[in-house]
Each structure stands twice: as C-alpha cells, then as structure tokens.
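Report on the structure
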Amino acid sequence: MSPNRNLLLLLLMFLSLSITSSLSSPSPADSPPYLWPLPAEFSFGNETLSVDPAVALIAAGDGGGSPIVRAAFERYMGMIFKHASGRASLLARIRFLRMVEYDITSLKIVVHSGSAELQLGVDESYTLMVSKKDEQSIVGAVTIEANTIYGALRGLETFSQLCAFDYLTKSVQIYKAPWYIQDKPRFQYRGLLIDTSRHYLPIDVIKQIIESMSFAKLNVLHWHIVDEQSFPLETPTYPNLWKGAYSRWERYTVEDASEIVRFAKMRGINVMPEVDVPGHAESWGTGYPDLWPSLSCREPLDVTKNFTFDVISGILADMRKIFPFELFHLGGDEVNTDCWKNTTHVKEWLQGRNFTTKDAYKYFVLRAQQIAISKNWTPVNWEETFSSFGKYLDPRTVVHNWLVSDICQKAVAKGFRCIFSNQGYWYLDHLDVPWDEVYNTEPLHGINETSQQKLVIGGEVCMWGETADTSVVLQTIWPRAAAAAERMWSTREAVSKGNITLTALPRLHYFRCLLNNRGVPAAPVDNFYARRPPSGPGSCYAQ
Amino acid sequence: MIFITHKHCTKPPIQRLCLTCIYKERDFYDSLLFFATFFFPPLIFIFTIFRFTKREKMRGRGAKIAGVLPFFTLFMAGAISAFEDIERLRIWPLPAEVSHGGRRMYLSGDFKLVTEGSKYEDTTEILKEGFDRMLDVVRLSHVVSGGRNSSRSGGSALLQGLHVIISSSTDELEYGADESYKLVVPSPEKPSYAHLETKSVYGALHGLQTLSQLCHFNVKKKIIEILMTPWNITDQPRFSYRGLLIDTSRHYLPLPVIKNVIDSMTYAKLNVLHWHIVDTQSFPLEIPSYPKLWNGAYSSSQRYTFDDAAEIVKYAERRGIHVLAEIDVPGHALSWGKGYPSLWPSKNCQEPLDVSSNFTFKVIDGILSDFSKIFKFKFVHLGGDEVNTTCWSATPRIAQWLKKHQMSEEEAYQYFVLRAQKIALSHGYEIINWEETFNNFGSKLNPKTVVHNWLGTGVVERVTASGLRCIVSNQDKWYLDHIDAPWQGFYDNEPLQAIKDKKQQSLVLGGEVCMWGEHIDASDIEQTIWPRAAAAAERLWTPYAKLATNPDKVTTRLAHFRCLLNQRGVAAAPLVGGGRVVPLEPGSCLAQ
C-alpha cells in the first residue's frame, strides 16, 4: 500500500468515526489506534492481537543492548501494563501453565549503531512491525528496527500507543494488526522552552515535563535558566551568582542540572541551556553588583567591564561540563540600552569608543558569541540580534524567531539556520491561542527553496513562566504543545491537507486522554482558553 | 536524655534549649536570626541575607558578641509568645506537643532504618516502604552527596538512622486505632539515631511524615540537614476521621491520578479517601455480580476493573488511608440504568432508582456484596441526598405501587434508604448517609448511621443530640469545588462549633473536604484540592488550643507547606485568592 492510500483510508475512518462519535466515545476495537504524532508511513490490517504482560525484550545489533534501550523498555512496559489485571492474568498464566496463549510474547529491538551520542540531527528514524507469529510471516511478533538507540525510543513510544487495555478480556490488545510503520521526523529540532527564572520549577516537575515531551516525540528542552527575576543555578566559578535565587530552597545544584541532562538523555531529549545576555540578566547582580551599570540602573549588564565577560566565560565554562548539547542559547532579545546611556561611566566608555548604544549591543552579543564558540558551542540568539546587525553575526549562529513572522525567511536567505517560535501561535503563555491555530502554524511558510528549507532546523513552543508555576505549568503546556509536535514530526502533507477537525482533532482528544492516563495533567482540548477547567461533566474524549 | 528534662519548665522549653545552644555553638547569626524572628518578622529577611553573605567572615566576631547575648535573650524571653515560635517551625499540620533546640545536624548518606526492640515485624514492609518514601521526598530529587565526609558535614552531628519502636504487632488498618507517635531527634552531642516510638505502624507513618518536614536539602553542602535540634515531638490527631472526597463519575480519574492524590493526602495526615465512585453521569467501576453496570462508563476505557479498585484500596491502606466507597442511592444513580434499564422508573424518567422493584435492591445487594470483598473500611457511604421523587409519582407503575403500599413520595424515600441500610448492615458495614436522610426521618435511621453534613448549620448539634455520629462537610466552607472559597475559611471551620457537651463532641468523628468533579478532571484536580485541603487538615489534626484564632497568622507556614507540596511534584496552587488561582506575576513560591 502506498502511504497516500493509507492516509486516505485513515481519513475515511476518521470521517466515519466522527459521525458516530457524537453517540458514543471512541472504542478502540472499531477504529484504528490514535497515533500522535502521525507516523510518516504506515499500513495496518484487521486483526486483533493480545500482548503478553511478560513480553520479553530481544535486543539485537550493536546498540540493542544499550542500557538506555533497556530502561526505556521497562518504562514503557510499566505504562502499557498499568492496570492491576495485567499482573493478575500474569499470575493466572503461571498458575495454569500457559493456559493463556498470547499472540505477542516478545519485542525485538534492532539498533544498528552502538553510539549513545545524542546530538542535533541524530537519526531518529525507525521501522515498527507488528504481526502474529505464524508460518506465513517472516517476522514474528513485534520488531523495532532503528539506526540509533534514539530511533528505537521513538519506535517504543509508537508501540505503546498501539497497545490498549481491553476491559472485557482484561488484557492488552493491539487492534488493526498487522502493522507496518516506517517513520522519521520532519524537523531535527523540536523544542519546548521552560523558564525557571520567573518561577522556580522543582526538579521533579522538570522531570515530569521531560517525560511528557517524550510522549509527543519532542527532542529539545530549551532551559531558560536565568532571567532578571532570579538566578537559581549554581555556578562554581562565580559562587555568588545563585544568591540571585528567590530563596535557599529555589535552587539547582550543578549535580541537579547534570541529573536533569542525564534524565533527558535517557529519553532521547537534548537540553539546551540559555543565559540571556545582556538584556535579561538583572538577577546576576544580586551576587555581583559590579555587573549592574549602577545600583539604580541594573539592566543590561555593564558592557564596559571585562569582569562582565569574565563572568559570562565562567558561567559558560561551568555549563559546558553539564550540557553536552552542541547548541547554546545566548538570548540577546529585548535589550533596552537606556541604562548604558544614563550611567556616567558607561556613557564615557561609549564616547571613548565612538559607539552608539546599538554598537555597544552588537559588541556585547558578538563578544559573547566568541566566548561560546571558544567553548565549542554553536550560538543560538533571539531574532533581534539578526534584525539589528545580522551581517555581523557569526555564520554558525542559529537565529531564534519569536517576534516577526517572516524572520526565518530572511535569516535562511542570508544563509543562517533558524528556529521557528512565532509568538502569535507558539508562545504557550498566550492563553488565547486554541489548539487548531497552534496546529496550523507552518515553520516553512513562505520558504520555497529546498536549500533554504533545510536551514530551518525546526521549531519550539515556549512556556514562559510569568504566570506558570508548578501548579499550572503542565496543563498550560499540554495539549497545545502536542499540536506543534505533530506539525514538526509528521509529513507536511499529512498535517496540511484535509479538515483537521476530522484528521487531527479526534486523535488529539485521544492523545490528551493518554497523557492524563499516564498522569500528565493535560488540559481539555476544546476550551478556547488554555488551562481552563472542563466546562462540565463528561468524557475525557469529548472535552 | 537532656530534652526530657525540659518537660517541667514553666516557660516554653524552646528558648532555654536555644540559650544552651548559643553558648555551645556560638553560631551567632543563626541565633540572632532566631531571636529576630520573635522580635520583628521583617528582620528575618535582612538577617538571612546578612548571614549568607557574611557568615564565614563573622564567625570570630560572633564569638565575642555572644557575651552580651544572655542579657538580650533574658530580655526577650518575656516578650516572646509561644505561638509565634510555633509558626516558625514550618510543620504542617502542627503537632500536639513540640520542643526543639537550635543546633544543626546532618543525615548520613546511608541513613538507616533500625527496628530493634519493636514488636512489629513488618513482614509486609509497610514501614520499610514508608521509610523509603520519606527519604525520597526529603531528597526531593536532588543529588545528595554522601554526608559521611566529615569535612563537609562539619565533623560530628551526623545522624546514622532512625530507630523505630512499634508496640503493636498488627498491620491491620483499623478505624479509630491509635495514630499517635513520639519523635525524638537528638542533639549533636549524642548523634547516632533519631527515635520514633508508636503504638501502631500507621502512627509511625505519621511520624515519618513529620520527620520529612524537619529535613531540608542544604544546597551548599548538598546533604540533608535538620535544623533546631534536639527535637522532641509528641503527637496525635484531634479527630479520627479526616477525609477528602473525590468524584469519579462526573469525570473519570485515571489510576495514577488517584494514587497521586492519595500520596498527597499523607503529607497532610488526612486518613480517609471518600470515593464517590458512581453518580448520574457515569458508572466507571466493574461490579462482577452485575457486569453490565459499567456499561454506564463514559467510554470503554474510562473504567476501573474490580482489581484496579482493590489495588487502590491496597495502595491507600499501605499509607494508612481508609477508602470509603459510596453508592449514592436512590437520587444519584441514573448511570446504573445504562446497563439495566429496568432500574429506571421509565425510559424518559430515569432518576431516582425504581423504588417499587425488588430488582433494584437485588442490584444494591450485589454491589455491596462485591464491595465487601475489596473495601475493607468499616463504613460504606449510601448517599441519599438530593432525591427528587417526582419520577415516582409520574410513572404509573410506581404510582400504583405507592398507592398499594399507602406510601407518600417522602415515605417511599425513607423506605428506600432504610432498606438499603439493612442491606449494607447485612454485609457487615456501618452506614454513612448524607444529612437529608437525617433531616427527613432521622429518628428512623439505624443507630449505627453516621450522618454526613453538607448543607446547613445546626445539623451537627441536632445529630449528636439525637445520639448519632456525624461527619462535618458544610459546603460553604469545605466544598473544594467552591472556587471562591479561600483557604482561610477552610482553616477556620470548626467542627465542634457550638457543641459544648463532651459526649456530643465525641460523636463528631471528624470532617471531610469535598472535591466534587463537575469541573474537575485529571488536569486540575491537584491544584483545586491543594493547598486549601491542607488548611482543613490542620483543623482536623491539631489540638484546638494550638490552632490560630486568626488564620492569617499561619499564612507563612502554609505557604511553606504549599511549596513543599510543589517540591514533591504536587501541583498545589498559590495561596493568594480563592481556589485554583494561578500566579499573577513572577515571584518566589514562598511569597505567593
């Protein structure tokens, strides 16, 4: 079957489903499993297979035996068999010595590369085959095949979404088998920003966020660690910096940050740290007041002092030990240079160099870029740096869009790489953007040349923290981040054609309930405003 | 042991202990911080900053200034009210009796559980798992370094473990059984072990919760510390019933969500999960005796198997929490008829359950028979509220039946409730019913009935005066779905208000906050429950004399508990405003 025909088939099924969905909630038995994000190519059949709660992992290939794969397998088995009955039937099976015959008793994971390196552009493709083991089929049971262990993780997520607990037989079933899925992401960078400066997020909460990202196949956690409000991270080289934390309890040690990076890597997620200079850094001065232009005018960082750049260099040196990802975000947005103009010693310095404040802004950003590059990092900067002095930016710079809708268009035309985060649609703190607007936002809009399209490495949804703390962060992220996640993972054709109320909404409802079932407090899909409570009693699948 | 000797002090022993510590430790800024707190709360912040910036340099000078401290403290001692000191303790809910010192200790990297001398064997590992959970929440996912390195922990003052002595050997969770505990954390001179003495393992679990709140992660040394040692805490709950209602009919709550709620309840020492399983909207639970009942679930997947329910009960019981199952008959049971339409008066008049049919009571009997296999709590909740009986008169078949038995609609309501009570009794349950049953035919209720207040005031007095037991949940204060109800009202709501008679007081088993689910699903349940449920939890746990008469006095301590919940991954909402508020601007958790 060709992928297009599959899609058509799927579309028809959604159509027929939407007719009945007003009468009854989705029943897995008579509809295809609701995969999110939609795989690149897939076909399925009409059989129902049962899955053994004691399903065995058969690892093959150089990377099959990786502890990351093993840990992921255990994680997903926990999610798939979370109902008590799963274990009960396992007991029953032991008792009656294989009285219960399962169709699927093993899960084979073939990983060709033994490397555990996780970098931008790592191969995340995989194939997933599910079929009954019999004389005719060459492959038995379930096979996930991938080039890297991270591709295998994506395949495991898809497999977990094929599995459904059947309340009548009290066993886990896979409907519409045999399945053949060949999948890969459309963009290599699929990010989510969290902001631990406006509100501290406890480690446990960050882990919950990372875990939930893996369900939607997002792969970069953009950690906006520091801003003007607080500086929660320990930096051993300049130990007074975290005096800028809100309190003693609202801090991350170096070990905590490393643990977060490790936890993310286990789920195939990179962590990109950000120090946003020079405009969003007031909290640095709590520990080192010299970084402020003056006590009464505290932002941006003092451009005149070598100390400022020494501190940046120290922070980056410390962070290099924690964050192995090749991208580092240097911010550079919303720089109001009034303090530079109004502080005598800075003003004199500007005059001495014959600098305008804009020149000084450029000087600052470029010097910070060189520090990052010297630490073997590729700098990412918010778009104002490109729109203000784009031709001076290091050619390796990745421009991060947020303000202007066509900035990626302009940046890639100049040969820069770009990350798309149009605030009108992909800022999650904008509560008045419903899921369909998030879904319909296309990072490649207006970019037609293939060579330029390739420079858009992906996109990112941003969960700015002014009004999002532990109590609401997850329900503000989900389910809307999932809408963007499918836009970035699935093929452009799959997400752009047809009526999304039929092709995407039922699956998004289903994915939101899946998140809830896994303990993630994703908010109702249908509310116009994000993170609002359900409008009344009802099924999760209809809200 | 030195801390015992302070029992006879007329002044609160706290200050005396601290004086001792000042002489010995000369930890000047710590002590100054301590006194400044009594003196003028805003000073804390200044001193905190000062202490952190200057601490190392000032040590020597602190020793000199320590000479004048005794005068200062003597002067202060008279002015200090014990209450304000208690507020500094940051324990929620406040224990019955606390004394403490002013010294710092650290937990060893391999902090151990020791049970020598305990009659309780812990074969089911309830204690061991509780101990491990305690360490988990204390570490708060931080990477904790060993603590055995003496240079890091400041030499001595290392606690090796916790010695738990439990005098009762049973691990049966019995309602009304002793939940008390005695927790002692020694002073740095005699480090080795902290001690926890209890009657039952469930008292020990409470003690572990308290211990977890004494522990902090020291971000500089990266080890767990306990401040203000030695500690001597004797504690027990004021009420034996401290409940939280969840509603899985208006919205289905997935298993991990219910388990998270149960875990969060233990932090506030609540002990009854009232599971309002079924209502008009959906019937999510499997009932083996009548397998079509869960056809009334919202969908094929928004269901609990019988084993799931057993698992939830087990999960809760291992944490010292009873699960009170409810079927709300006859008024809130429309969803039953999805599987068995003959339970409806008619197709177009579907509630209350058909009073005239024996089948109705057979189904109730089947449900309660199945319940008795998994819900081991001594009570079952039979609902009985908001019964609109017009469907009975409007359905000819039932109208005829009423006529034949010479019953009014009201009498049929009474007949239904009493017959359901008898069925519950036959399965060994005592019964809880919502207050309308008492208001309408209180004298007819079985004497084993516990009346569950929700509507009005004055009910508790009347119920206890009639000799029945009562649970307080007046909706104006303790309904969590009332989003505009602030935490202060939850704190202030006194179950024994206007009940002077000792015997009547003893009939008030406790209270319950209710998280009705019309607008509550997996996405917003935690932040609607917390932190307001915690305010009620202290009302139900802490001795009356120790409760604040003005709730605003406990704001800082409650804010701290809310942040503690956040640190433990519970999505407790900010304090400012009503329920489920979102932070309005950037800021510290402690200030919102």
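Source: prediction; values computed, not measured.

A word on the overall build of chain A
- Looking only at helices and strands, one finds 21 helices and 16 strands in chain A.
- Taking all 543 residues of chain A together, 63% fall into the buried category.
- Looking at chain A alone, contacts between residues at least 24 apart form 74% of all its contacts between residues at least 6 apart.
- Accessible area for chain A stands at about 19400 Å²; split by element, carbon and sulfur atoms hold 52% of it.

With respect to the confidence of the model for chain A
- The predicted model of chain A has a mean per-residue pLDDT of 91, with 90% of residues at 70 or higher.
- Scored below 50 in pLDDT, residues 1–5 of chain A shows four contacts in the model against residues more than four places distant or in partner chains.

Let's talk about the side chain of Asp 354 of chain B
- Within the secondary structure layout, Asp 354 of chain B lies in the loop between β9 (322–326) and α11 (358–374).
- One polar contact links Asp 354 of chain B to Arg 397 of chain B, side chain to side chain, over a distance of 2.3 Å.

A closer look at the UniProt feature "domain: Glycoside hydrolase family 20 catalytic" (unreviewed entry) in chain A
- Mapped onto this structure's residue numbering, the UniProt feature "domain: Glycoside hydrolase family 20 catalytic" (unreviewed entry) falls at residues 187–491 of chain A.
- Helix makes up 40% of residues 187–491 of chain A and strand 13%, whereas the separation of the span's terminal C-alpha atoms amounts to 9 Å.

Focus on the environment of Gly 415 of chain A
- In this structure, Gly 415 of chain A sits in the loop between α13 (407–413) and β15 (417–420).
- Among the residues examined, Gly 415 of chain A registers a relative accessible area of 43% and is labelled partly exposed.

Topic: the pattern of salt bridges
- Applying the stated criterion to the full structure yields 42 salt bridges over all chains.
- Note that Lys 222 of chain B and Glu 255 of chain A form a salt bridge whose closest N and O atoms lie 2.7 Å from each other. With one member in each of two chains, Lys 222 of chain B in the loop between β5 (215–218) and β6 (223–235) and Glu 255 of chain A in helix α6 (residues 254–265) form a pair that bridges those chains.
- Across the salt bridge formed by Arg 238 of chain B and Glu 494 of chain B, the nearest N and O atoms sit 2.6 Å from each other. Remark: Glu 494 of chain B occurs in the loop between α18 (487–492) and α19 (502–506) and Arg 238 of chain B occurs in the loop between β6 and β7 (241–247); sequence separation between them is 256 residues.
- Since its relative accessible area comes to 10%, Glu 494 of chain B is described here as buried.

A look at unusual backbone geometry
- Backbone torsion omega between Val 277 of chain A and Pro 278 of chain A reads -5°, so that peptide bond is classified as cis.
- Considering the arrangement of structural elements, one finds Pro 278 of chain A in the loop between β11 (270–274) and α7 (284–287).
- The omega angle of the peptide bond from Val 329 of chain B to Pro 330 of chain B is 0°, so this bond is cis rather than trans.
- With respect to the helices, strands and loops of the structure, Pro 330 of chain B is situated in the loop between β9 and α11.
- The phi dihedral of Arg 531 of chain A falls on the positive side, at around 50°, and the residue is not glycine.
- On the secondary structure map, Arg 531 of chain A appears in the segment after α21 (505–517).
- Here Arg 531 of chain A falls in the buried class, since its relative accessible area comes to 15%.
- In this structure, Lys 222 of chain B takes a positive phi of about 60° despite not being glycine.

Some thoughts on the sheet that holds strand β7 (residues 171–177) of chain A
Residues and elements named next belong to chain A.
- Pairing within the open sheet is mixed, and its eight strands lie in the order β1-β8-β4-β5-β3-β2-β7-β6. Single-partner strands in this sheet number two, and they are β1 (41–43) and β6 (163–166). Averaged over all adjacent pairs, the angle separating strand axes in this sheet is 30°, with direction ignored.
- Relative to strand β8 (residues 179–183), strand β4 (residues 126–131) runs antiparallel, the two sharing five bridges. Bridged to Tyr 126 within β8 is Asp 183.
- On the sheet, helix α4 (residues 149–162) packs against β3 (104–111), β4, β5 (141–146), β6, β7 and β8 and is oriented at approximately 35° with respect to β4.

Concerning the nonpolar core
- Of all hydrophobic cores here, the largest spans 270 residues; its most connected members are Ile 209, Trp 284 and Trp 478 of chain A together with Trp 336, Phe 371 and Phe 375 of chain B.
- If you look at the next biggest cluster of nonpolar residues, it comprises 41 residues, including Phe 111, Leu 183, Cys 215 and Ile 226 of chain B.

Focus: the interface of chain A and chain B
- The partner chain B presents 65 residues to the 66 residues of chain A that form the contact.
- In total, about 4800 Å² of surface goes out of reach between chain A and chain B, with carbon and sulfur atoms giving 55% of it.
- Of all residues in chain A, Tyr 167, Arg 248 and Trp 249 of chain A give up the largest surface area on contact with chain B, accounting jointly for 15% of the area buried on that side.
- Taken together, the connections running from chain A to chain B amount to five salt bridges.
- With a shortest N-O distance of 2.6 Å, Asp 469 of chain A and Arg 562 of chain B are connected by a salt bridge.
- The interface formed by chain A and chain B holds 28 residue pairs in polar contact (both at pLDDT 80 or more) in total.
- Here the side of chain A that touches chain B takes five residues from helix α5 (residues 203–215) of chain A, the largest share from any one element.

Thoughts on helix α9 (residues 255–267) of chain B
Residue and element names in this part refer to chain B.
- Under the 1.5 Å per step criterion, the end-to-end length of α9 is 19 Å for 13 residues, consistent within 8% with the ideal 18 Å.
- The buried count for α9 comes to ten of 13 residues, which makes it a mostly enclosed element.
- Taken together, the buried positions of α9 are occupied by Leu 255, Val 257, Ile 258, Val 261, Ile 262, Asp 263, Ser 264, Met 265, Thr 266 and Tyr 267.
- Looking one or two residues past α9, Lys 269 carries a phi angle of roughly 65°, positive in sign.

Calculation criteria
- For every chain, the first residue of its written sequence is number 1, and the numbers climb from 1 along that sequence.
- The order in which chains are written sets their letters, starting at A; the order in which ligands are written sets their numbers, starting at 1.
- Only residues with pLDDT of at least 70 get local features here, since the model is predicted, and only at 80 or more are side-chain atom pairs given and counted; chain-wide, interface and lining totals rely on the full set of residues.
- The basis for the side-chain values is all heavy atoms of the structure; hydrogens and waters are excluded.
- Each helix corresponds to a stretch of at least 4 residues labelled H or I by DSSP, and each strand to a stretch of at least 2 residues labelled E; elements are numbered beginning at the N terminus.
- A simple rule labels every residue: compare its accessible area, found with a 1.4 Å probe on the protein chains alone, to the largest value its type can have, and call it buried under 20%, exposed over 50%, or partly exposed in between.
- For this analysis, residues touch if any pair of their heavy atoms sits within 4.5 Å.
- Accessibility throughout is a Shrake-Rupley quantity obtained with a 1.4 Å probe, and a residue counts as covered only by protein chains that appear here.
- The predictor attaches a confidence to each residue, and that confidence, scored 0 to 100, is pLDDT.
- By the criterion applied in these results, polar contacts are pairs of N or O atoms within 3.5 Å in which, for protein atoms, one can donate a hydrogen and the other can accept it, and in which residues neighboring in sequence qualify only through two side-chain atoms.
- UniProt positions are given in the numbering used here, feature names are shortened, and annotations may be inferred rather than shown by experiment.
- The salt bridge definition used is simple: a Lys or Arg side-chain nitrogen within 4 Å of an Asp or Glu carboxyl oxygen.
- Being paired, for any two strands, means DSSP has found at least two bridges between them.
- The angle between two axes is taken between their N-to-C directions and runs from 0 to 180 degrees, where each axis is a line fitted to C-alpha atoms and a helix contributes only its stretch in contact.
- Side-chain atoms within 4.5 Å are what join buried Ala, Val, Leu, Ile, Met, Phe, Trp, Tyr and Cys residues into a set we call a nonpolar core.
- Once two parts are joined, some of their accessible surface, as seen by a 1.4 Å probe, is lost; buried area is that loss totalled over both.
- By this rule, a helix spans an expected 1.5 Å times one less than how many residues it contains.

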